[in-house]
2 protein chains.
Amino acid sequence: MATSDVKLLGAWPSPYVIRARIALNLKSIKYEFLEEQFGSKSELLLKSNPVHKKIPVLLHNDNPICESLIIVQYIDEFWSSGPQILPSDPYDRAIARFWAAYIDDKWFPSMRAIAAAQGDEARKAALEPVYEGLALLEDAFKKISIGKKFFGGDNIGYLDIALGCNLGWVRVTEKMNNVKLFDEEKTPCLYKWTIDFCDDAAVKDLIPETDKLVEVAKIIMAKMKAAAQN
Amino acid sequence: MATSDVKLLGAWPSPYVIRARIALNLKSIKYEFLEEQFGSKSELLLKSNPVHKKIPVLLHNDNPICESLIIVQYIDEFWSSGPQILPSDPYDRAIARFWAAYIDDKWFPSMRAIAAAQGDEARKAALEPVYEGLALLEDAFKKISIGKKFFGGDNIGYLDIALGCNLGWVRVTEKMNNVKLFDEEKTPCLYKWTIDFCDDAAVKDLIPETDKLVEVAKIIMAKMKAAAQN
């Protein structure tokens, strides 16, 4: 496996960047991590992803691949000899893609809405769809994992990466709002899954410490507030 | 190929349903089309897609598959012996997925925003991102098709389906706003592509007549207006 021609444009707090890094770890691909500076965009990023101007971007032999779930699928398809990230059965693959899209289109946005909610009532209302989503995901986990550790079975797969990448920010949300999202009683399977996921060798150095992320959250919220006032 | 166990829950005006139907046609899969009634949702739909309650849903041996681009990928992967819909090369596949996501996340929403714009100035402003998107897609077409008829090369592929499914609604937008979106001078490659796409045997009976769609558009707009007044 060639190693020198794989680069990843990213930043450590980004859950989407973490997706690509977990996938590269699972396939044992060595890569150069090119850290973008907070609040600015490098020339290489603007050149590599001119449409969205967003991280992550995987550069493979200088060819850019953008969008985190597309990167994960690319890694799985290009390095097909390594451990499989997507299920091999077409139906299982469709189900994994369905829930990954649900996470990106519905659940992550519902979690982000908590930060924007002003006051106790608004925050309570913002939490509702987050809990509803977790109940759906708990149910999906039972059906998909069929008693195994991960959505992907015995090993971390596509859907584990799609959801688990954001566990750092889940903990920030829990801490800043004094709530429990992945709850041992309400969603016992997902609760156990978070522990197994974060313990995995491909993951454990990638989920940022909560206190470090809280500092990032404070900077982002101050910026949002300043922007809203202008 | 078994034919009796493939059903599609849909409605003729929906571009997302058209995606699934083109893919089934390309693979020569016979299927039963279960038409949902406008303004209501069948028990089967609610049971098959309880999360989003949306068409299309493909039922294959009673197993539901939801979300149009996931259905297209499923069809390509399950009936892998038929003509290939996604490119075989992982990088080409990533590029096709990138632009398909761009179409769903950016370009279609920008086109829908034209209908919501009130007054000439607002409509002019709403048209801008639509034209910008088309310029990007024209450029992408040149790079991807490399002189061939389709994004998919000599045959219709994933990205052709992703964009082309909506050509009926493009024509409605053009007619109701007296504008030209796929323009022979501004985007000559895409203009020619629309003709080739709609002429293809897998497509030609599926893109609805503009006048029929205009009637649907009027009903939807009246409903939206009534909802906004309540």
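Reading guide: rules and limits
- Residues numbered from 1 in each chain as written.
- Chains lettered and ligands numbered in written order.
- Predicted model: local features only at pLDDT ≥ 70, side-chain atom pairs only at ≥ 80, totals over all residues.
- Heavy atoms only, no water.
- Helix = DSSP H or I, 4+ residues; strand = E, 2+ residues; numbered from the N terminus.
- Rg over C-alpha atoms; globule rule 2.2 N^0.38 Å.
- Buried < 20%, exposed > 50% of the residue type's maximum accessible area, 1.4 Å probe, protein only.
- Contact = heavy atoms within 4.5 Å.
- Areas by Shrake-Rupley, 256 points an atom, 1.4 Å probe, with all protein chains shown as cover.
- Salt bridge = Lys/Arg side-chain N within 4 Å of Asp/Glu carboxyl O.
- Axes fitted to C-alpha atoms, helices over the stretch in contact; angles between N-to-C directions.
- Parallel < 35°, antiparallel > 145°, perpendicular 65-115°, else oblique.
- Left-handed = near helix turned anticlockwise from the far one by under 90°.
- Nonpolar A, V, L, I, M, F, W, Y, C, P; charged D, E, K, R; others polar.
- Domains from an automatic or database assignment.
- Buried area = accessible area lost by both parts, 1.4 Å probe.

### Quick notes on the overall build of chain A
Step number 1: What chain A contains, in helices and strands, is 9 helices and 4 strands.
Step number 2: Against the 2.2 N^0.38 benchmark of 17 Å for 230 residues, chain A shows a C-alpha radius of gyration of 18 Å, consistent with a compact globule.
Step number 3: Its C-alpha atoms give chain A principal-axis dimensions of about 55 × 50 × 25 Å.
Step number 4: By the burial criterion, 51% of the 230 residues in chain A qualify as buried.
Step number 5: Across chain A, contacts joining residues at least 24 apart in sequence account for 66% of those joining residues at least 6 apart.
Step number 6: With an accessible surface of roughly 11,400 Å², chain A has 52% of that area assigned to carbon and sulfur atoms.

### What about the pattern of salt bridges?
Step number 1: This structure, assessed with the given rule, holds 22 salt bridges over all chains.
Step number 2: Among the salt bridges present, the one from E77 of chain B reaches R93 of chain A, with a minimum N-O distance of 2.9 Å. Here the residue E77 of chain B occupies a position in helix α3 (residues 68-78), and R93 of chain A occupies one in helix α4 (residues 90-116), the pair thus bridging two chains.
Step number 3: A relative accessible area of 16% places R93 of chain A in the buried class.
Step number 4: As a salt-bridge pair, K192 of chain B and D196 of chain B come within 2.7 Å of each other at their nearest N and O atoms. With K192 of chain B and D196 of chain B both in helix α8 (residues 188-199), this residue pair falls 4 residues apart, about one helical turn.
Step number 5: Relative accessible area serves as the criterion here: at 46%, K192 of chain B is assigned to the partly exposed category.

### With respect to the packing of helix α4 (residues 90-116) of chain B against helix α5 (residues 120-145) of chain B
Residue and element names in this part refer to chain B.
Step number 1: In the contact formed by α4 and α5, the axes pass within 9 Å of each other and the chain directions differ by 160 degrees. Overall, the two elements α4 and α5 adopt an arrangement that is roughly antiparallel. Between α4 and α5 lies a crossing of left-handed hand. For the pair α4 and α5, the contacting residues are I95, W99, Y102, I103, W107, S110, M111, A113 and I114 in the first and R123, A126, L127, P129, V130, G133, L134, L136, L137, A140 and I144 in the second.
Step number 2: Counted by class, the contact of α4 with α5 contains 17 nonpolar, 2 polar and 1 charged residues.

### Overview of the domain arrangement of chain A
Residue and element names in this part refer to chain A.
Step number 1: Domain parsing of chain A yields domain 1 (6-78) and domain 2 (90-211).
Step number 2: Its C-alpha centre places domain 1 at a distance of 22 Å from the equivalent point of domain 2.
Step number 3: Taken together, the contact pairs 14 residues of domain 1 with 19 residues of domain 2.
Step number 4: The largest contributions to the domain 1 side of the interface with domain 2 come from R19, I22 and L69, which together make up 34% of the buried area.
Step number 5: The partner of D104 in a salt bridge is R19, with the nearest N and O atoms 2.7 Å apart.
Step number 6: Residue contributions to the side of domain 1 that touches domain 2 peak at 9 residues, all from helix α1 (residues 15-26).
Step number 7: The residue inventory of the side of domain 1 that touches domain 2, partitioned by class, reads 10 nonpolar, 2 polar and 2 charged.

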